[in-house]
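Now for the letters of each chain:
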Amino acid sequence: MYIYDFRSFDWFKMDDRLKCVDLGSPGCGHYALALALAQYLQCTNRQEDDSCGVCPACHQAAQFVHPDIHFVFPVARTAKIKEEPSSDDFIAEWRQYLT
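One numbering rule holds for all chains: residues counted from 1, following each sequence as written. Residue-level local features of this predicted model are given only where pLDDT is at least 70; pairs of side-chain atoms are given and counted only at 80 or more, and the full residue set underlies all totals for whole chains, interfaces and linings. Only hydrogens and water are set aside; all other atoms, that is, all heavy atoms of the structure, feed into the side-chain values.

Student: I tried to follow the nonpolar core on my own but got confused; where do I start?
Tutor: Grouped burial of nonpolar side chains is what soluble globular proteins tend to show. Buried Ala, Val, Leu, Ile, Met, Phe, Trp, Tyr and Cys residues form a nonpolar core when they are joined through side-chain atoms within 4.5 Å. Only protein chains enter the calculation, and the probe is 1.4 Å; a residue is then buried if its accessible area is under 20% of its type maximum, exposed if over 50%, and partly exposed in between. Counting residues in each nonpolar core, the largest one holds 10 residues, listed as Ala-38, Ala-61, Phe-64, Ile-69, Phe-71, Phe-73, Ile-81, Phe-90, Ile-91 and Trp-94. Only heavy atoms enter the contact rule, under which two residues are in contact if any of them lie within 4.5 Å. Contacts of Ile-81, omitting those with residues within four sequence positions, involve Asp-89 and Phe-90. Membership of the second largest hydrophobic core comes to 5 residues, among which are Cys-43, Cys-52, Cys-55 and Ala-57.

Student: Sorry if this is basic, but what is going on with the packing of aromatic side chains here?
Tutor: The description of an aromatic ring pair uses the distance of the two centres, along with the angle that the planes make with each other. Here is the rule: rings of Phe, Tyr and Trp (six-membered ring for Trp) pair when centre to centre is within 6.5 Å. Planes less than 30 degrees apart are stacked, more than 60 are edge-to-face, and the remainder are tilted. Per the stated rule, a full pass over the model turns up 4 aromatic pairs. Summarising the aromatic geometry, the rings of Phe-73 and Trp-94 are spaced 4.4 Å apart at their centres and angled 15° between planes, so their arrangement reads as stacked. In this pair, Phe-73 sits in the loop between helix H3 (56–62) and helix H4 (91–98) while Trp-94 sits in helix H4, placing the two residues 21 residues apart along the sequence. Trp-94 carries the same exposure label as Phe-73, and that label is buried. By definition, being over a ring means that NZ of Lys or CZ of Arg is both within 6 Å of the ring centre and within 35 degrees of the ring normal. The aromatic ring of Tyr-40 is capped on one face by Arg-46, whose charged end is 4.9 Å from the ring centroid. Strands are runs of DSSP state E lasting at least two residues, helices are runs of H or I lasting at least four, and both sets are numbered from the N terminus onward.

Student: Looking at this structure, I do not really get the environment of Ser-87. What am I missing?
Tutor: Along the chain, Ser-87 turns up in the loop between H3 and H4. The buried category is assigned to Ser-87, whose relative accessible area is 10%. A C-alpha to C-alpha distance of 9.4 Å links Ser-87 and His-70, two positions 17 residues apart in sequence. If we skip the residues at most four places from it in the chain, Ser-87 touches Phe-71, Val-72, Phe-73 and Val-75.

Student: Please clarify how the environment of Asp-89 should be interpreted in this entry.
Tutor: Inspection of the secondary structure puts Asp-89 in the loop between H3 and H4. With 14 residues separating them along the chain, Asp-89 and Val-75 place their C-alpha atoms 8.8 Å apart. Not counting the four nearest positions on each side in its chain, Asp-89 is found in contact with Ile-81 and Glu-84.

Okay, structure coming up:
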């Protein structure tokens, strides 16, 4: 069994396909890894083991506004949104929370 080093994306580059993996137990950094991977996948100037951090796609990912990176999170009805709320209804608040 191969233990992947998630500090780099070597596990992704083995055959250039995104694999289904268990990233570990709750609280171990799933969210940070998911954001880093999403930015890496969108980066137009990938470095050997990370995204470049300076291309337009990286800037959009860092600001949580890249059009191909979608956030889904639990929501509830509010006084303003009474029927079938979705994550999109709360995306401005979500982005503010993340920064």
